[in-house]
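# Notes for the structure review
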Amino acid sequence: MRIARFSIDGNVAFGAVEGEGTVESGGLVLDIIKGIPYTDFELSGTKVPLGKVRLLPPVLPNKVVAIGRNYAEHAAELGNEVPDVPVAFFKPTTSVIGSGDAIEYPSFSNELHHEAELAVVIGRMCREVPRERVKDVVFGYTCANDVTARDAQQREKQWARAKGFDTSCPLGPWVETDLDPSDLTIQATVNGEQRQLGRTSDMIRSIEDLVVHITEAMTLLPGDVILTGTPAGVGPLNVGDEVAVTIEGIGTLTNKVIKRG
């Protein structure tokens, strides 16, 4: 099931996406959900055309835990070794935007990069999750773009500003709850030109590895997000560009880059 979060007439709700097509092409409707999708819920039967609503980030995470250098070719393209243990960092909630929202080019950077990623959405509070229970705590999957101020990342050595600035974490367009994430095509295009193309099977550490590793240290809450790393091909974004992240079985997350006003 595809679960979207949206606003209409000033009201925010969740809905199940039904129909075929894309956000842009039409043909999709939302069946409004009664309650919160992390628990048992019912479909209301009240349906709204997707084109009549504004899509929001599909979740409002308490935290976004991101993993760096989880694809060997990406680590190599930036001159880095594959780490012995997963490299984890945080993106604040203020960095999260939805499909169709603008990425604001930060004033402290001259080298903004896209990073297409599969995002894991947590569905229940969990800590110290054993490998065999990982599927029980995952709500679903969505597309993400770990937008990075590359020059700031290299200059400052730690990644808080470079990867945590406002609008640096596009998520969407919705959460797919019925998906095997082990071998999916993941790609990024900029102005229609393909930049990244990889498969989730190329991850150095699996989703199970990452959930176990993260929850050894911290409690994850419903709606929290794990970014699983990016394949090779990261590259520059400029003001006016449109960047799209497409993941097989999920859909396409699209954002334009604007000058921060």
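One structure accompanies this document, and this report is about it. (Residues numbered from 1 in each chain as written. Predicted model: local features only at pLDDT ≥ 70, side-chain atom pairs only at ≥ 80, totals over all residues. Heavy atoms only, no water.)

### Considering the sheet that holds strand β15 (residues 185–190)
A sheet is described by the order of its strands in space; here five strands give the open sequence β9-β20-β19-β15-β16, paired in mixed fashion. Looking at the sheet topology across the chains shown, the edges are occupied by β9 (102–105) and β16 (193–199). Neighbour-to-neighbour, the strand axes of this sheet turn through a mean angle of 20°, independent of strand direction. Pairing of β9 with strand β20 (residues 251–259), which is carried by four bridges, proceeds in the parallel orientation. Each residue of the ladder has a partner; that of A102, found in β20, is K256. (Pairing = 2+ DSSP bridges. Helix = DSSP H or I, 4+ residues; strand = E, 2+ residues; numbered from the N terminus. Axes fitted to C-alpha atoms, helices over the stretch in contact; angles between N-to-C directions.)

### Details of the packing of aromatic side chains
Describing an aromatic ring pair means giving the distance of the ring centres and the angle of the ring planes. Inspection of the entire model under this criterion finds three aromatic pairs. Centre to centre, the rings of Y38 and F139 are 5.2 Å apart; their planes meet at 70°, and the pair counts as edge-to-face. Note that Y38 is positioned in the loop between β3 (28–34) and β4 (42–49) and F139 in strand β12 (residues 138–145), a separation of 101 residues in sequence. Overall, the relative accessible area of 22% leaves Y38 in the partly exposed class. When the ring of F108 is compared with that of F165, the centres are 6.2 Å apart and the planes differ by 80°; the resulting orientation is edge-to-face. With F108 in the loop between β9 and β10 (112–114) and F165 in the loop between α4 (160–164) and β14 (169–176), this pair connects stretches of sequence that are 57 residues apart. (Phe/Tyr/Trp six-rings, centres within 6.5 Å; stacked < 30°, edge-to-face > 60°. Buried < 20%, exposed > 50% of the residue type's maximum accessible area, 1.4 Å probe, protein only.)

### Describing the pattern of salt bridges
Evaluated as defined, the whole model comprises 14 salt bridges. The shortest N-O distance in the salt bridge between K163 and E115 comes to 3.3 Å. Within this pair, whereas K163 is found in helix α4, its partner E115 is found in the loop between β10 and β11 (116–122), the two being separated by 48 residues in sequence. One exposure class covers both K163 and E115, and it is buried. E248 is the partner of R199 in a salt bridge, and the nearest nitrogen-oxygen pair spans 3.5 Å. Of the two residues, R199 sits in strand β16 while E248 sits in the loop between β19 (242–247) and β20, which places them 49 residues apart along the sequence. (Salt bridge = Lys/Arg side-chain N within 4 Å of Asp/Glu carboxyl O.)

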